[in-house]
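One letter stands for each residue in the lines below.
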Amino acid sequence: MTFTVPIDNGDSVKIAEEESQRTLYPYVTGTSIVAIKYKDGVLMASDMGGSYGSTLRYKNIERVKAIGKHSLLGASGEISDFQEILRYLDELTLNDNMWDDGNSLGPKEIHNYLTRVMYNRRNKFDPLWNTLVLGGVKNGKSYLGMVSMIGVSFEDDHVATGFGNHLARPILRDEWHADLSFEDGVKLLEKCMRVLLYRDRSAINKLQIAKITEEGVTVSQPYSLKTFWEFSSFHNPTAGAEGSW
Amino acid sequence: MDLNLDAPHSMGTTIIGVTYNGGVVLGADSRTSTGMYVANRASDKITQLTDNVYVCRSGSAADSQVVSDYVRYFLHQHTIQLGQPATVKVSANLIRMLAYNNKNMLQTGLIVGGWDKYEGGKIYGIPLGGTVVEQPFAIGGSGSSYLYGFFDQAWKEDMTKEEAEQLVVKAVSLAIARDGASGGVVRTVIINSEGVTRNFYPGDKLQLWHEELEPQNSLLDILNAAGPEPMAM
């Protein structure tokens, strides 16, 4: 990415030139988001890690944010691109409020806006390197959808990004049902997050669960999950098979 | 972000070997990954070569397993022919032979540690390429990057067995906190004139580091304990 400023040194003048800035590959990344619809709205879980390649560099990144009064946005992928998306949404919600007409953007509208943004960036070969999860409740109706960095967009009763696709969705397919209580929803998400903690290299043991209902958004305090290591075969796996793993 | 289940099994790893005033302590994490997937979260990377010599394996799981298998086989024969336990130096040299002569094909870093009656407790580091370095302590694997500063500050000569083991457990635990390729439990093996002791430290037995929190059963417990107020924004 080059950005040359006009210089007049008498010999030549360079014109300001701005190539499109591209996220060619991500640097600081967030891992999975897992989200489900439940009785009163939507629950969304994510860990608080920002990985820098294989280093677990940042451990206090909030990857789930409230958007307006009715929506929750979770992001995996490049954190700087997520922060840029939050700025776009700030601008969107600000302009929406300035109309002062009593209307406010609902989750369906935000999801549609994000889909357009992601898809159009993809068409310019300049993607925002994120997979986004958008959940919300407006006028009693729950909404949950996701958009990928190439603009693939859809709604569902339960969604997951990254590793969550492989590890969490099978659990959700089996155990999700309509009208989950808050407690059951939290336990289901924690079950998914624990598996991700065991099996995803970029997961860290510090997560937040966010809830959105008609009343509004609440994001839990960060907390850690207990893990289980007391299988007898974990204690001495190579007894009798020296040299194996 | 892809699983890539066809990626070779690699023990990203943190491995450590430390001498103390009566023997050696070897330590390792327990994570084996295939790409970004954790194929085995409770692997045993500290492998026995003889009754008194063990090796910590890092890098390619397959390469390190086959090298240690060959060396165990050679050492078995050597012990019979010699009529007494093999020395740590001989074990290290056998590993070196394989590592050096196959350097183009192997991708494994090893730490050999043990006790013999001639030299007592010894640690030999054998990185990629087949160099052998005898050291008072050795660190290896991807997680070791995070430990150079720690050992520069925390290592001292003539530690007791307890001090040495605590140092190893602390170090592996710190590396696990920052290296995505290391994780799981901390395993240690202590070798001295009296024999060999294996220990196992699951995640919940280790101390918490910066920005780590006390593990809970569920968010519901926290919410119920906090009382009827809603979650803070």
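Residues numbered from 1 in each chain as written. Chains lettered and ligands numbered in written order. Predicted model: local features only at pLDDT ≥ 70, side-chain atom pairs only at ≥ 80, totals over all residues. Heavy atoms only, no water.

Okay, the overall build of chain A next. Scanning chain A from N- to C-terminus turns up 5 helices and 16 strands. Along the first, second and third principal axes, the C-alpha atoms of chain A reach 80 × 55 × 30 Å. Per-residue burial for chain A yields a buried fraction of 51% across its 245 residues. In chain A, the proportion of contacts linking residues at least 24 apart, taken out of those at least 6 apart, comes to 61%. For chain A, the computed accessible surface area is about 12000 Å², with 50% contributed by carbon and sulfur atoms. Of the charged side chains in chain A, 27 are positive and 32 negative; the average position of the first set lies 4 Å away from that of the second. (Helix = DSSP H or I, 4+ residues; strand = E, 2+ residues; numbered from the N terminus. Buried < 20%, exposed > 50% of the residue type's maximum accessible area, 1.4 Å probe, protein only. Contact = heavy atoms within 4.5 Å. Areas by Shrake-Rupley, 256 points an atom, 1.4 Å probe, with all protein chains shown as cover. Lys, Arg positive; Asp, Glu negative; His and termini not counted. Charge placed at Lys NZ, Arg CZ, Asp CG, Glu CD.)

Right, let's talk about the side chain of A:Thr29 for a bit. Checked against the element boundaries, A:Thr29 lands in strand β3 (residues 28-30). For A:Thr29, the contacting residues outside a window of four places in its chain are A:Gly49, A:Gly50, A:Ser51, A:Gly77, A:Glu78 and A:Ile79.

Residues and elements named next belong to chain A. Within the open sheet, the 5 strands sit side by side as β13-β4-β5-β14-β15. Their pairing is antiparallel. Each edge of the sheet is formed by a strand with only one pairing partner; in this case those strands are β13 (158-160) and β15 (216-219). Across the sheet, the mean angle from the axis of one strand to that of its neighbour is 10°, orientation sign disregarded. Relative to β13, strand β4 (residues 33-38) runs antiparallel, the two being bridged by 3 bridges. (Pairing = 2+ DSSP bridges. Axes fitted to C-alpha atoms, helices over the stretch in contact; angles between N-to-C directions.)

The next point concerns the pattern of salt bridges. Residue and element names in this part refer to chain A. Evaluated as defined, the whole model comprises 13 salt bridges over all chains. When the shortest N-O distance is used, the salt bridge between Lys-65 and Glu-62 registers 3.8 Å. Take Lys-65: its relative accessible area is 30%, and that puts it in the partly exposed class. The closest approach of N and O atoms between Lys-191 and Glu-175, which form a salt bridge, is 2.6 Å. (Salt bridge = Lys/Arg side-chain N within 4 Å of Asp/Glu carboxyl O.)

Turning our eyes to something else, we now look at helix α4 (residues 182-199) of chain A. Helix length check: α4(A) (18 residues) gives 26 Å between terminal C-alpha atoms against 26 Å at 1.5 Å per residue, within 8%. Here α4(A) has its buried residues at A:Phe182, A:Gly185, A:Val186, A:Leu188, A:Leu189, A:Glu190, A:Cys192, A:Met193, A:Leu196, A:Leu197 and A:Tyr198. (Expected span 1.5 Å × (residues − 1).)

Glancing now at the confidence of the model for chain A. Looking at chain A, the pLDDT average stands at 90 and 91% of residues meet or exceed 70. Counting interchain partners and residues more than four positions distant, the pLDDT-below-50 stretch residues 6-18 of chain A has 14 contacts. (pLDDT = per-residue confidence, 0-100.)

Right, let's get into the interface of chain A and chain B. Every contact between the two is made by 51 residues of chain A and, on the other side, 54 residues of chain B. A buried area of about 4700 Å², summed over both sides, lies between chain A and chain B, and 57% of it is on carbon and sulfur atoms. At the junction of chain A and chain B, the tally comes to 1 salt bridge. One salt bridge in this structure joins A:Lys59 and B:Glu212, with 3.9 Å as the shortest N-O distance. (Buried area = accessible area lost by both parts, 1.4 Å probe.)

What follows is about a nonpolar patch on the surface. Residues A:Leu24, A:Tyr25, A:Tyr27 and A:Tyr52 make up a contiguous nonpolar surface patch of about 460 Å² in total accessible area. Inspection of the secondary structure assignment puts A:Tyr25 in the loop between β2 (17-18) and β3. (Patch = residues over 30% accessible without salt bridge, like charges linked within 9 Å, V, L, I, M, F, W, Y side chains within 5 Å.)

Right, let's get into the sheet that holds strand β3 (residues 23-28) of chain B. Whether parallel or antiparallel, the strands of a sheet pair through hydrogen bonds between backbone atoms. Residue and element names in this part refer to chain B. If you walk across this open sheet you meet the 5 strands as β11-β2-β3-β12-β13, and the pairing is antiparallel. Two strands in the sheet have a free side with no partner beyond their single neighbour: β11 (137-140) and β13 (195-201). Here the strands of the sheet are splayed against their neighbours by 15° on average, with no regard to which way each runs. Across 7 bridges, the pairing between strand β12 (residues 186-192) and β13 is antiparallel.

Residues and elements named next belong to chain B. Positionally, Tyr-100 belongs in helix α2 (residues 88-101). Overall, the relative accessible area of 41% leaves Tyr-100 in the partly exposed class. Along the primary structure Tyr-100 and Gly-129 are separated by 29 residues, whereas in three dimensions their C-alpha atoms are 5.6 Å apart. Those residues within four positions of Tyr-100 in sequence are excluded, and the remaining contacts are Gly-129 and Gly-130.

A few words on helix α2 (residues 107-123) of chain A. For the α-helix, the turn length of 3.6 residues means that residues three or four positions removed from each other point alike. Residues and elements named next belong to chain A. Here α2 contains 17 residues, and its C-alpha end-to-end distance of 24 Å stays within 8% of the 24 Å for a straight helix at 1.5 Å per residue. Those residues of α2 not exposed but buried are Pro-107, Ile-110, His-111, Leu-114, Thr-115, Val-117, Met-118 and Arg-121. Projected onto a plane normal to the axis of α2, the buried residues spread over an arc of 165° and lie on a single side. Looking at the buried side of α2, the elements it contacts are β8 (64-67), β9 (71-78), α1 (79-98), β10 (130-138), β11 (141-147) and β12 (153-155). Backbone geometry just downstream of α2 places Phe-125 in the positive-phi region, at approximately 55°. (Arc of directions from axis to C-beta.)

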